[in-house]
Amino acid sequence: MNIVETDRAYVWHPFTQERTAPPPLPVVRASGASLFLEDGRELLDMACSWWVNVHGHSHPKIAAAIARQAETMEHVIFAGFTHEPAARLAESIVNALPRPLARVFYSDNGSTAVEVALKMAWQYWRNTGQPGRDQFLAFSGGYHGDTFGAMAVGRTSGYYAPFEGLMCQVRHVPFVSTWLGDDACEEREAKALAEIDAVLDANADRCAAFLAEPLVQGASGMNMCRPEFLRAVVERMQARGIPVILDEVMTGFGRTGTLFALEQAGVTPDLVCLSKGISGGFLPLAATVANTRIYEAFLGDDFHNAFAHGHSFTANPLGCAAGVASFALFEEEGTLARIKRINAANRAWLAEVARLPGVGRPRALGSIAAITLGRQESDYHASVGAAVKAACFKQGLLIRPMGNVVYLMPPACISQEELARAQHGLTQVLRETARLYAS
Ligand code: PMP
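The structure presented is a predicted model; accordingly, all values stated were derived computationally and were not measured. (Residues numbered from 1 in each chain as written. Predicted model: local features only at pLDDT ≥ 70, side-chain atom pairs only at ≥ 80, totals over all residues. Heavy atoms only, no water.)

**Some points on the overall build of the chain**
Check the secondary structure of the chain and you find 14 helices and 16 strands. Whereas a compact globule of 439 residues would reach a radius of gyration of roughly 22 Å, the chain reaches 22 Å, a difference of no more than 12%. Here the C-alpha coordinates of the chain stretch approximately 65 × 60 × 45 Å along the principal axes. Taken across its 439 residues, the chain has 53% of its residues classed as buried. Within the chain, contacts between residues at least 6 apart in sequence are counted, and of these 70% link residues at least 24 apart. (Helix = DSSP H or I, 4+ residues; strand = E, 2+ residues; numbered from the N terminus. Rg over C-alpha atoms; globule rule 2.2 N^0.38 Å. Buried < 20%, exposed > 50% of the residue type's maximum accessible area, 1.4 Å probe, protein only. Contact = heavy atoms within 4.5 Å.)

Structure follows, in structure tokens:
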């Protein structure tokens, strides 16, 4: 059997309706911004392979760091032991975040980074004698992963109907999306903040934590808010003593133009969740960073108050070595300057493309550019995305629309010429498919 036949016989793919999905495409090689298929075709990866890739595929420096580490020590238990890549990466992460964020707890993926943060916040209140804190607050529309705690806080994303009965208590508060040329967002923000105040007046002393994706809600449709709005919400939570968890799983490591999105909002959360780009997108790795107040609430003379959580592959040395190498590339390759150039080119393209019929809500932050097609609310179930995706594929572009939201998110290494090719290709596709969404 060839690769696809073998896959079809034995594999179950994520987020896929296995009966109707077209056969998966075998990828044999990846380099820079490109993926190379078995049949010789080349695709520009405009989704960074589920938002993980940072500097480009198969970057030789990260590949070499992983190879060196694999030959020295591939993995070791992380309870009672440590190693250089884990310690060095933690140091770099802490130095890049505002104080008092100071303690790095490693895990494997974005969902576990969130799960760990929720559990830390929950146990923090039990360790400090306030067990009445029995619910979480989160933004409507947020997505935080597919494990139980992460599903509960991301429940309004609409993915989890079969699991409704199994979720912990979460109260959702409004998120205010904005886009280029949107003049009315301050009014919408004021209304949302008043609603949030009312929720806090009634419930603040029951809230264990507030969780949010900072500046961009990814999976709910690349919805972006103003830094001022995020800051106003975070300040309200912290003024009431509610710990704030920022989920930087997608936004971290340059995606929004700064190393972390929280920098643009000028806020210091109590817990931060990191994954995806933490290893440059090479290996599964995650970190939950806690401030000293939370960390110290777990200290004691016996195990009683300790954080009873850990994964077999906690702080995998290969992933951490990739992370250390990726951090160095931010300096060596001027990654944030590259992302700034991508942003400028995207804004110029958005100004053009937003004039096409049915194309609305142009928005851009860091390396992300997004538009909404047809009905101007993000609609994950809109079928237009599949048609746009298929037509882009014919143009040599990997894009992954979310319903009627189409976005570009290239790796930082993409050349001006490649980015222009992707933008031009997508513009063509939007002209061809306009009859599906433009009335
Ligand atoms: N949080 C955010 C903001 C995400 O975008 C994602 C994944 N798309 C996750 C958490 C979950 O990460 P993972 O898929 O690695 O579990």
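**Some details on the domain arrangement of the chain**
Here the domain parsing of the chain yields domain 1 (3-55 + 334-436) and domain 2 (63-330). Computed from C-alpha coordinates alone, the two centres of domain 1 and domain 2 are separated by 26 Å. Between domain 1 and domain 2, the residue contacts involve 30 residues of the former and 31 residues of the latter. In total, domain 1 and domain 2 occlude about 2600 Å² of area from one another, counting both sides; carbon and sulfur atoms represent 67% of this. (Domains from an automatic or database assignment. Buried area = accessible area lost by both parts, 1.4 Å probe.)

**Topic: the site of the ligand**
Taken together, W51, N109, G110, S111, Y143, H144, G145, E213, D247, V249, M250 and K276 make up all the residues around the ligand. Note that a nitrogen atom of the ligand is positioned 2.7 Å from one of the side-chain N or O atoms of D247. Alone, the ligand offers 390 Å² of accessible surface; in the complex the protein occludes 82% of this. Looking at side-chain class alone, the shell around the ligand contains four nonpolar, five polar and three charged residues. (Near = heavy atom within 4 Å. Polar contact = N/O pair within 3.5 Å; in protein donor to acceptor, adjacent residues only side chain to side chain. Areas by Shrake-Rupley, 256 points an atom, 1.4 Å probe, with all protein chains shown as cover. Nonpolar A, V, L, I, M, F, W, Y, C, P; charged D, E, K, R; others polar.)

**Considerations on helix α4 (residues 84-96)**
Taking 1.5 Å per residue, 13 residues should reach 18 Å; α4 reaches 18 Å between its end C-alpha atoms and fits that length. Turning to α4, its buried residues number three or more, namely P85, A86, L89, A90, I93 and V94. Buried positions in α4, seen along its axis, are confined to an arc of 155° and lie on one side of it. Turned more than 90 degrees away from the buried face of α4, the exposed residues are E84 and N95. On the buried face of α4, the contacting elements are α3 (60-72), β4 (101-107), β11 (271-274), β12 (286-291) and α11 (317-332). (Expected span 1.5 Å × (residues − 1). Arc of directions from axis to C-beta.)

**Some points on the pattern of salt bridges**
One pass over the structure, following the stated rule, counts 15 salt bridges. For E332, the salt bridge is made with K61, and the minimal N-O distance between the two is 2.9 Å. Remark: K61 occurs in helix α3 and E332 occurs in helix α11; sequence separation between them is 271 residues. Overall, the relative accessible area of 47% leaves K61 in the partly exposed class. The residue R226 makes a salt bridge to E186 at a minimum N-O spacing of 3.9 Å. Placement of the pair is R226 in the loop between β9 (223-224) and α8 (227-239) and E186 in helix α7 (residues 185-203), with a sequence separation of 40 residues. On the basis of relative accessibility, which here comes to 52%, the residue E186 falls in the exposed class. Through salt bridges that share partners, E186, E189, R226 and E228 make up one connected network. (Salt bridge = Lys/Arg side-chain N within 4 Å of Asp/Glu carboxyl O.)

**Notes on the packing of aromatic side chains**
Two aromatic rings, taken as a pair, are described by how far apart their centres are and by the angle between their planes. Under the defined criterion, the tally for this structure stands at 16 aromatic pairs. For the ring pair F15 and W50, a centre distance of 6.3 Å and an interplane angle of 80° mean the geometry is edge-to-face. Here F15, found in the loop between α1 (3-10) and β1 (27-31), pairs with W50, found in helix α2 (residues 48-51); they are 35 residues apart in sequence, far enough to count as distant. What makes F15 partly exposed here is its relative accessible area of 43%. With 5.3 Å between their ring centres and 75° between their planes, F253 and F260 make a pair best called edge-to-face. The burial state of F253 is the same as that of F260; both residues are buried. (Phe/Tyr/Trp six-rings, centres within 6.5 Å; stacked < 30°, edge-to-face > 60°.)

**Looking at α11**
Between its first and last C-alpha atoms α11 spans 22 Å; for 16 residues at 1.5 Å apiece the expected length is 22 Å, and the two agree. Residues P317, L318, G319, C320, A321, A322, G323, A325, S326, F327, L329 and F330 constitute the buried set of α11. Looking at the packing, one finds that the buried side of α11 touches α3, α4, β4 and α12 (335-353). A positive backbone phi angle near 55° is found at G334, which sits one or two residues after α11.

**Overview of the environment of H381**
In this fold, H381 is placed in the loop between β14 (368-373) and α13 (384-394). Overall, the relative accessible area of 68% leaves H381 in the exposed class. Taking the C-alpha atoms as reference points, H381 and M402, 21 residues apart in sequence, are found 8.0 Å from one another.

**A word on the pairing of β14**
Of all the six residues making up β14, six are buried; the element is thus mostly covered by neighbouring parts of the structure. Taking every second residue as pointing to the same face, both faces of β14 are buried, with I368, A370 and T372 on one and A369, I371 and L373 on the other. As paired strands, β14 and strand β16 (residues 405-408) are joined by four bridges and run antiparallel to one another. Along β16, the bridge assignment pairs T372 with V405. (Pairing = 2+ DSSP bridges.)

**Comments concerning the sheet that holds β16**
Spatially, the three strands line up as an open sheet ordered β13-β14-β16, and their pairing is antiparallel. Among the strands making up the open sheet, the edge pair consists of β13 (359-365) and β16. Direction aside, neighbouring strands of the sheet carry axes that sit 15° apart on average. (Axes fitted to C-alpha atoms, helices over the stretch in contact; angles between N-to-C directions.)

**Observations regarding unusual backbone geometry**
Cis peptide bonds are those with omega within 30 degrees of zero, and the linkage from R99 to P100 qualifies with 5°. Relative to the elements of secondary structure, P100 occurs in the loop between α4 and β4. A positive phi is found at C48, a non-glycine position, where the angle reads about 50°. Following the sequence through the fold, C48 ends up in helix α2. For C48, a relative accessible area of 0% puts it in the buried group.

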